[in-house]
There are 4 protein chains.
Amino acid sequence: MGGAMQAPASPYGQFLSDNAARVHPRVWAAMQAADAPDAAYDGDRLSRRLDEAFSALFGKDCAVLWASTGTAANCLALATMVQPHGGVVCHREAHIEMDEGGAPGFFLHGAKLLLADGAGGRLTPDAIESVLAGITRGVHQVQAHAISLTQASEWGQVYQPEEIAAIAALAHDRGLGLHMDGARFANAAAFLGCHPAQVAGPVDALSFGCTKNGGMDAEAIVFCDAEKADLARWRRKRAGHLQSKGRYMAAQILALVEDGLWLELAAHANAMAAIVAEGAGERAVFAPQANEVFVNLAPAQRAALRAQGFAFHDWNEACVRMVASWDTREEDARALSAALAAL
Amino acid sequence: MGGAMQAPASPYGQFLSDNAARVHPRVWAAMQAADAPDAAYDGDRLSRRLDEAFSALFGKDCAVLWASTGTAANCLALATMVQPHGGVVCHREAHIEMDEGGAPGFFLHGAKLLLADGAGGRLTPDAIESVLAGITRGVHQVQAHAISLTQASEWGQVYQPEEIAAIAALAHDRGLGLHMDGARFANAAAFLGCHPAQVAGPVDALSFGCTKNGGMDAEAIVFCDAEKADLARWRRKRAGHLQSKGRYMAAQILALVEDGLWLELAAHANAMAAIVAEGAGERAVFAPQANEVFVNLAPAQRAALRAQGFAFHDWNEACVRMVASWDTREEDARALSAALAAL
Amino acid sequence: MGGAMQAPASPYGQFLSDNAARVHPRVWAAMQAADAPDAAYDGDRLSRRLDEAFSALFGKDCAVLWASTGTAANCLALATMVQPHGGVVCHREAHIEMDEGGAPGFFLHGAKLLLADGAGGRLTPDAIESVLAGITRGVHQVQAHAISLTQASEWGQVYQPEEIAAIAALAHDRGLGLHMDGARFANAAAFLGCHPAQVAGPVDALSFGCTKNGGMDAEAIVFCDAEKADLARWRRKRAGHLQSKGRYMAAQILALVEDGLWLELAAHANAMAAIVAEGAGERAVFAPQANEVFVNLAPAQRAALRAQGFAFHDWNEACVRMVASWDTREEDARALSAALAAL
Amino acid sequence: MGGAMQAPASPYGQFLSDNAARVHPRVWAAMQAADAPDAAYDGDRLSRRLDEAFSALFGKDCAVLWASTGTAANCLALATMVQPHGGVVCHREAHIEMDEGGAPGFFLHGAKLLLADGAGGRLTPDAIESVLAGITRGVHQVQAHAISLTQASEWGQVYQPEEIAAIAALAHDRGLGLHMDGARFANAAAFLGCHPAQVAGPVDALSFGCTKNGGMDAEAIVFCDAEKADLARWRRKRAGHLQSKGRYMAAQILALVEDGLWLELAAHANAMAAIVAEGAGERAVFAPQANEVFVNLAPAQRAALRAQGFAFHDWNEACVRMVASWDTREEDARALSAALAAL
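Computed from a prediction, not measured in an experiment: that's the story for all the values here.

Cut-off values and rules
Residues numbered from 1 in each chain as written. Chains lettered and ligands numbered in written order. Predicted model: local features only at pLDDT ≥ 70, side-chain atom pairs only at ≥ 80, totals over all residues. Heavy atoms only, no water. Buried < 20%, exposed > 50% of the residue type's maximum accessible area, 1.4 Å probe, protein only. Helix = DSSP H or I, 4+ residues; strand = E, 2+ residues; numbered from the N terminus. Pairing = 2+ DSSP bridges. Axes fitted to C-alpha atoms, helices over the stretch in contact; angles between N-to-C directions. Parallel < 35°, antiparallel > 145°, perpendicular 65-115°, else oblique. Contact = heavy atoms within 4.5 Å. Buried area = accessible area lost by both parts, 1.4 Å probe. Polar contact = N/O pair within 3.5 Å; in protein donor to acceptor, adjacent residues only side chain to side chain. Salt bridge = Lys/Arg side-chain N within 4 Å of Asp/Glu carboxyl O. Nonpolar A, V, L, I, M, F, W, Y, C, P; charged D, E, K, R; others polar.

Asks: Looking at this structure, how should I read the pairing of strand 1 (residues 63-67) of chain B?
Replies: Within a regular strand, the side chains alternate between the two sheet faces. Residues and elements named next belong to chain B. Burial runs high along strand 1: five of the five residues are buried. Because side chains alternate across strand 1, one face comprises the buried residues Ala63, Leu65 and Ala67, and the other comprises Val64 and Trp66, equally buried. Strand direction decides the pairing type here: strand 1 and strand 7 (residues 219-223), joined by five bridges, are antiparallel. Across the sheet, the residue bridging to Leu65 is Ile221, located in strand 7.

This is the structure we're talking about:
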């Protein structure tokens, strides 16, 4: 992965977030290869290659847009399925509910998030049904128009293909759209080891994350339905997300997707997380399935680790979050693992 | 990377748009220098340097945010001044009215653009007063909350400092916010040759363009008032424009701004436009003041130029737009100039 | 029309607006007949009779909602046809553009009004085509999703059935929705003297005004398409327009519509306006076709009339607006007519 | 019109909702007294008397607007305190969350409801603090801008003056607006028996309900701060809630408020509810403090009561809601009470 990886990582951000990671050398190279005049916006040759790249990846016709953030990707995807007077069933701890500063309310013009429970940040058909059952049919209550899943979840847990299929069946029966927030889709895919089409399942739109996985500022919004993609194009421009030099975003996505780099990088991040989890032992809240490890630690333990130079996020009063990324060095993962074991 | 500049420019996009231009080598270098783990979002060292850089540039305290597009920059700036039930006085041909796909309606939650006339895409106090006079005071009509100027205008025309001062005085008297769309602020500054503070005048917020001037995907939103900047921060996140690896955007802006590259590149683009305009002679709609030349051409003349490999934009039935950028080669500008003269 | 009509009219509001008129005695009677407990919202027997009443009136299946204002009726109707990123072609002087305080921007979530010209406040296919031709196809410009006509127009002018048919054909060809603001639909119908279905033409939604025509606070939104009506029901509740005692609104509408009172009252108002216009002679801006007379008057002339006790609206610098209503007394109309003639 | 009160009430709606009740004869009389031409919108003499009437009622300067529904009143009030990127802390079972079809999302442009728990539908400072403590400061999470209380609550429970004062102190400390949904404010006032100013406490805006308490379609929005009232005026027009014949709404409100009718009617409704509750005995979920009784009833018991002609609302699987109104007859309340006791 290039010489840059040997440089000592900054102590800051080490396990804080995959958002803090660098851009992968092959992504850089692709961006620089795009550095020639081309059509503005998404009329360039690279942007026009996205449909083909994802159609190949998923083995079916896809229509794909880029967007610079996961928040924009999620909200633009949902805006194709949810009217302003409708709602989105999502997990109580989903990124769209917890971490997007109210962006769904903005992009969906006041539509509502309808919160469901579920272990590990994952929805189940029962949890969804329970939310739907609590909504009286009629104009006095906001009705669900869509369901949004997160693969892998905010707790780094992964949906098995049959679990997604069950939720998709429910969505289909109820006439609801189905969206997948795949900010860490690559990590889920690396964990599952099955075909990407199975990792996504039959969703209507997928936010396919690249930024956390070696990209700089590009996410792909993957639609099965070209009409929904067209609708998203109007909304993307209107949201100020149609970059004029979109070719550099397309280049990032293609560099990750076209020859399997996305899976390779995610597998590395997952492996580093597994090393950390090993040291955490029974303190780990879940057996990590992706690149995040949640560890129950008391304040003094957190302080002790930080004193050793490890950076991580205080998730809540009970636990911390440690995230590995594509550029986490094995020696650092092992050091953290050992420090955890020694607590 | 300097070598790339010698390469023959693609015939496509040559004079089509400054949006189609490449990223300047020093901008690339700055982005790569930022390629180490740092705090996510805008907590990194580079993003935190923006206030200082622009305060130095303008000689007064500034609070600065990045955004990836001019549309986002304009709309986030306006959202700090305009309530949903208000309006923005702007030129009938302003970018926010003509080219942003309804983004002001989205970001301002349905606020209205109140259209004024003016030669060369420029507003005058009289034109603004005329719009205001046509609005009956009271809840039945949308009242103006702000004025938006474009420096340089959509027709490549530049406001003189005293013209901006007059409009600012009007805005101040009426209690209206004042915004400047500076997608081509650098070109205006290069034309005027005066201090940046005079090019901007006493506006409340300035969209300072970088993308068209050697950047990749970064614009600066410059506020005089830290409270307005804080407000814009909430709105930026909510609009999905808070990139997680914001340091790469900050790097672009700083590379352009901190040592004068922005002015140098704009001066080059302006000079290239002047060469083109020379050939256009009396066919030029205006004497170009920035990097755009509008030329009255009949369809057959347009076809003749295109047959020679020149690319440009059909502005309307009467004229075409030819835009020079930081990487326009003098030989290409001279070739186009000669071709125009030979028509 | 009952003893109340003999009472001397207040000098205030006489010809100021049909909004200032009283509630017709038969409307009062119908409201009081509704004064028994019934289902809340629009589940009562009267609200459920609206579909039938309008289906009978128009000779085809209609689905009808009440709303308390013309602004709400117009905007709820348009919201069924226009997405947030779209636009509505309307006359530059339409009520939705001039007098609704930005309500279309609110109800349509930032969609844009696309302004067309036309004599007498009336659109023509050419004027609409001209607006559409000015919009570049593509995400950079707001595309039209619907057309909105006003029957009778803001200048009291009426569309002939074949004129509406021509605009409807255009809308149909372009895939645009067609809305009619019928705040003074009754006055247009009384003028045309043809079947209500011809007065409305093949529009997708009609705001059928009652408040200006003897009602208290009720307008009907008439849809041909039950699905659009269902959509409007969600939006009506969400806009706080689903009154809990809706039966009193339904009662008003039924009282006007079910036995022809609406036409009778409008015919009276039109006749009173004609009397006024007679006195205005060549000062009348248009031959009045409905209940409004616009008269070119200098400031001194306005003052002279006001000194005689007549109230009217300063429409603009050139002319005033004089509006007759269902309860305008013939002697008052004749007095104003004479005063105008004597100027 | 007094005679109508003696007529046997329709069995339908008897205890279903106070929304289903009739309009009080004195309200009718006031509306008819308003039936003369006057200024349109809210420029009439009655609308202009509202400030004075409520200033007298509350013993301090008030600025008051009418609106036709509680949903509109609540949302227009909140829109003066909450920016689109903010949130409103309210009870999980508040009307704005449960019964307004997403209206807060619409009027507040996507702002979020932040849900708190609390027995009897009432908030406590602790419950509010707990919600606030769960919100990370910063742009990633929606911050509270206001708190909304319901007096009396959805469960017919009443805040004591000192409880409101404690919440107001918290709001003040945190810089949050404070809104009171007083759809049944009259019933709370009748229960508390103290000065209206104590029933409301130091809230910034109060939705003062009239429709459920003898009105037809009028609620008052009472502001302490004239600037907030002015802001609400713009928003009201924009929401299509500025009725053109507003004098009939003002008449309703004045008839209820100016001579104490509002309290008299609410006291009657409360008394009728108390009679019903007596029969319910230990089945009553709460001791009723206003005009609503919630009774734990099994499906068979519900059916048995309905077979006897009583109408009421299935609140949830455990209990039903029985609502008395100003026109509930004592004999009917006693009959229901007896039927409950006999179960």
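Asks: Please explain the packing of helix 8 (residues 185-192) of chain C against helix 12 (residues 261-280) of chain C as it appears in this structure.
Replies: For any two helices packed against each other, the geometry is given by the interaxial angle and the distance between the axes. Residues and elements named next belong to chain C. Contact geometry for helix 8 and helix 12: axes closest at 8 Å, N-to-C directions at 80°. In terms of orientation, helix 8 lies roughly perpendicular with respect to helix 12. Every residue of helix 12 that contacts helix 8 at Phe185, Ala186, Asn187, Ala189, Ala190 and Phe191 is listed here: Trp262, Leu263, Ala266, Ala267, Ala269 and Asn270.

Asks: Please explain the interface of chain C and chain A as it appears in this structure.
Replies: Where the parts come together, the accessible area they lose is often given as the size of the interface. Taken residue by residue, the interface counts 20 residues in chain C and 20 residues in chain A. Summing both partners gives a buried area of about 1,800 Å² for chain C against chain A, and 67% of it is carried by carbon and sulfur. The interface formed by chain C and chain A holds eight residue pairs in polar contact (both at pLDDT 80 or more) in total. Top contributing element to the side of chain C that touches chain A by residue count: helix 10 (residues 226-238) of chain C, with six residues.

Asks: Where do I start with the pattern of salt bridges in this structure?
Replies: Scanning the model with the defined rule gives 77 salt bridges over all chains in all. Among the ionic pairs, Arg334 of chain D bridges to Glu330 of chain D, the shortest N-O distance being 2.9 Å. Placement of both Arg334 of chain D and Glu330 of chain D in helix 14 (residues 330-341) is noted, with a separation of four residues, approximately one turn of the helix. The exposure class of Arg334 of chain D is partly exposed, given its relative accessible area of 44%. A cluster of three or more residues bridged by salt bridges with shared partners is formed by Asp18, Arg184, Glu292 and Arg321 of chain A.

Asks: Any chance you could explain the packing of helix 11 (residues 247-257) of chain D against helix 12 (residues 261-280) of chain D here in plain terms?
Replies: Residue and element names in this part refer to chain D. Running from N to C, helix 11 and helix 12 point in directions that differ by 75°, and their axes come no closer than 5 Å. With respect to helix 12, the element helix 11 is oriented roughly perpendicular. Only Leu261, Trp262 and Leu265 of helix 12 make contact with helix 11, whose side of the interface consists of Ala255, Leu256 and Val257. Of the residues contributing to the contact of helix 11 with helix 12, the split by class is six nonpolar, no polar and no charged.

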